[in-house]
Amino acid sequence: MTEVLKLLTRNVGKPNSTHVDAYMGSGGYESLMTVLHKWTPEQTLNEVKAANLKGRGGAGFPAGLKWSFLPKGKEVLKYLVCNADESEPGTFKDRLLIENDPHSILEGIIIAGWATQAAGCFFYIRGEMPAGARIFQKAVDQAYAKGFLGKNILGSGFNFDVWVSRGAGAYICGEETALMDSLEGKRGQPRLKPPFPAGYGVYGVPTNINNVESYANVPLIIRNGAGWYTAIGSPSAPGTRLFGISGHVKRPGVFELPSGVTLRELIYEHAGGILGDRPLKAVIPGGSSVPVLRADQIDVTMDPDGLKSVGTMVGSAGVIVMNDSVCMVKALLNLMEFYAHESCGQCTPCREGTHWLELIVRRLEEGGGRPSDCDLILDVAGNIMGRTICPLGDAAAMPAISFVQQFREEFEAHAREGRCPMRDVRMTAAI
Ligand SMILES: Cc1cc2nc3c(=O)[nH]c(=O)nc-3n(C[C@H](O)[C@H](O)[C@H](O)COP(=O)(O)O)c2cc1C
C-alpha cells in the first residue's frame, strides 16, 4: 500500500496547529526567511517553476509559469489572489488546510508575493466557511504581529499585505474572473478573456490567482528544493495530492498521497472499501465536473495521464464513490440541479442548456422519459461544450455526456419502463 505522506497535512491534528507559534515551532516561516534574506525574486520563481508545481484548483496549470506571466519589477502594482472558494461538489480538501494549518497557506502566499514582487493578496473564501474565514484572519493578524506581513518584512525592504474577503454562496465565484468581479463588489460573472488576469485582474491591476493547496506547496518546495519535489509522485504532476473521498466508502475523508496512486488503491485501501461491502458501480474522480467512470475503469493512476487514458480528469481531486444501490439518472439529476442553479445566466448555451438538461433528466427519473432522451441529452450537452465564456458550461456538459455514455442502458430502461427501475434496489439497500 502506498504510504500516506504527511507533507501538506503535517500539522493537521497537532495541538494549536492554527497558531503562529506552533507553526514556527516546527520550522514554519523558515522558507520565507530563506527567500527574503538569501534568494532573489527570480531565483524564488525559478525554483517553483523547476518544481513543476501544477495548480490544484482544477485546471492543473503550472504555477511557476503562471507567476512568470506577471509584469516584472516592484514598481508595477500587482496583486495575488488565493482562491479559497471551494464550492465544487465532492471537494473539501482546502477547508482542511484553512481550518488546521492557515500559516502554511499564508507562508506560500507571501513567498509567491516575493517571487512576483506583488503588493498584496486577496484571500477570497467561500461564504459558507465562516470558521475558516475567522481562523485565517487570526493567522493574518498573527503574521502582521510577527513582522511576516506589512512594511519592510523582516528587514528585507519588501512590503506585502493580505486582505480576507468572504464570498456569498455562489459556485461561479470560484471561477477566477467571476471571483475578481465579486471581490470588486460587482455581481460575480466571468469576464471575457483576453485580457487575462496577468494583464488585467483585480481592479484592472495585473493579478495572479492560485488555489489554496497550490500556495501551501510553496514553502515545502523552497525548504526541500525542486529536485526533492519532482521525485514525489508522477513526473508529469509531481508532489502529493489531497484526495477528498466521499460517498459510499467506509472511511470518507482527505488522504494525502503521491499523485500516482491508483484509484483502486485509494478506494479499497485508504478509504476502506465500499460501504456495506456492496459492489462498486461508479466513481467521479475529480469533483462533480469531470466525466464519470465505471467500476471496471479504476485501475488507473490518479494523475492527468492516468485519468486521461480513461477519458476523465483529476480536476480538484474530489473522489465521489457510488455503489450498486445508486440510480445513475437520479445521481445525474442531482448534478444537473446544481449546475442549472449555479449558472450565472450570462451565456445563453449555459443558462438555457443547464436548465433543459435538468428538465430532461428529471422527466426520465420521474417516469415521463422518452426513448429519444439519451440522444437529446447528448445533443443539448454537446451544444454547451466550448460555447461559453467560462468553463461552467463544460463542467455541466461533461458529466451529462459521460453519465449517458457510460450508463446508457440504465437511462434507456427509465424511458422504456416509465419509472425508475433502481427504486426497488435503493429501498432494499440498507446503507
Ligand atoms: C465554475 C468554476 C468554479 C471554480 N471553482 C474553483 C474553486 O472553488 N477553487 C479553485 O481553486 N479554483 C476554482 N476554479 C478554477 C479557477 O478558475 C482557477 O483556475 C484556479 O483558481 C487557479 O488556481 P490554480 O492554478 O492554483 O489551480 C473554478 C473554475 C470554474 C470554471
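So, how was this worked out
- Residues numbered from 1 in each chain as written.
- Predicted model: local features only at pLDDT ≥ 70, side-chain atom pairs only at ≥ 80, totals over all residues.
- Domains from an automatic or database assignment.
- Contact = placed C-beta atoms within 7 Å.
- Helix = DSSP H or I, 4+ residues; strand = E, 2+ residues; numbered from the N terminus.
- Nonpolar A, V, L, I, M, F, W, Y, C, P; charged D, E, K, R; others polar.
- Buried ≥ 20, exposed ≤ 12 C-beta atoms within 10 Å, placed from the backbone.
- Pairing = 2+ DSSP bridges.
- Near = placed C-beta within 6 Å.
- Axes fitted to C-alpha atoms, helices over the stretch in contact; angles between N-to-C directions.

> What's the story with the domain arrangement of the protein in this structure? I'm lost.
How big an interface is tends to be expressed through the accessible area that disappears when the partners come together. Segmentation of the protein into domains returns domain 1 (20-231), domain 2 (235-323) and domain 3 (328-428). The C-alpha-based centres of domain 1 and domain 2 are spaced at 27 Å. Between domain 1 and domain 2, the contact holds 18 residues from the first and 19 residues from the second. Within the residue set of the side of domain 1 that touches domain 2, elements represented by two or more residues are α5 (93-100), α9 (212-224) and α10 (226-230). Looking at the side of domain 1 that touches domain 2 residue by residue, the class counts come to six nonpolar, eight polar and four charged.

> I tried to follow the pairing of strand β1 (residues 79-84) on my own but got confused; where do I start?
Note on strand geometry: in a regular strand, side chains alternate between the two faces of the sheet. Most of β1 is tucked away, with six of its six residues classed as buried. On β1, burial covers both faces: Y79, V81 and N83 on one face and L80, C82 and A84 on the other are all buried. Summarising the sheet, β1 and strand β2 (residues 120-125) pair through six bridges and their orientation is parallel. Residue pairing across strands places N83 opposite Y124, the latter belonging to β2. Of the pairings in the sheet, the one linking β1 to strand β4 (residues 207-211) comprises five bridges and is parallel in character. When the bridges of β4 are listed, V81 appears paired with I209.

> What exactly am I supposed to notice about the site of the ligand here?
Taken together, 25 residues form the shell around the ligand, and within it G55, G57, G174, N211 and S214 come nearest. Within the residue set of the shell around the ligand, elements represented by two or more residues are β4 and α16 (392-406). With three residues, the top contributor of residues to the shell around the ligand is β4. Per-domain counts for the shell around the ligand show at least three residues from each of domain 1 (20-231) and domain 3 (328-428).

> Sorry if this is basic, but what is going on with the sheet that holds strand β3 (residues 161-166) here?
Each strand in a sheet pairs with another by means of backbone hydrogen bonds, the pair being arranged parallel or else antiparallel. Spatially, the four strands line up as an open sheet ordered β3-β2-β1-β4, and their pairing is parallel. In this open sheet, the two strands that pair with only one neighbour each are β3 and β4. Across the sheet, the mean angle from the axis of one strand to that of its neighbour is 20 degrees, orientation sign disregarded. Each of β1, β2, β3 and β4 touches helix α6 (residues 102-116); the most contacted strand, β1, lies at about 155 degrees to it.

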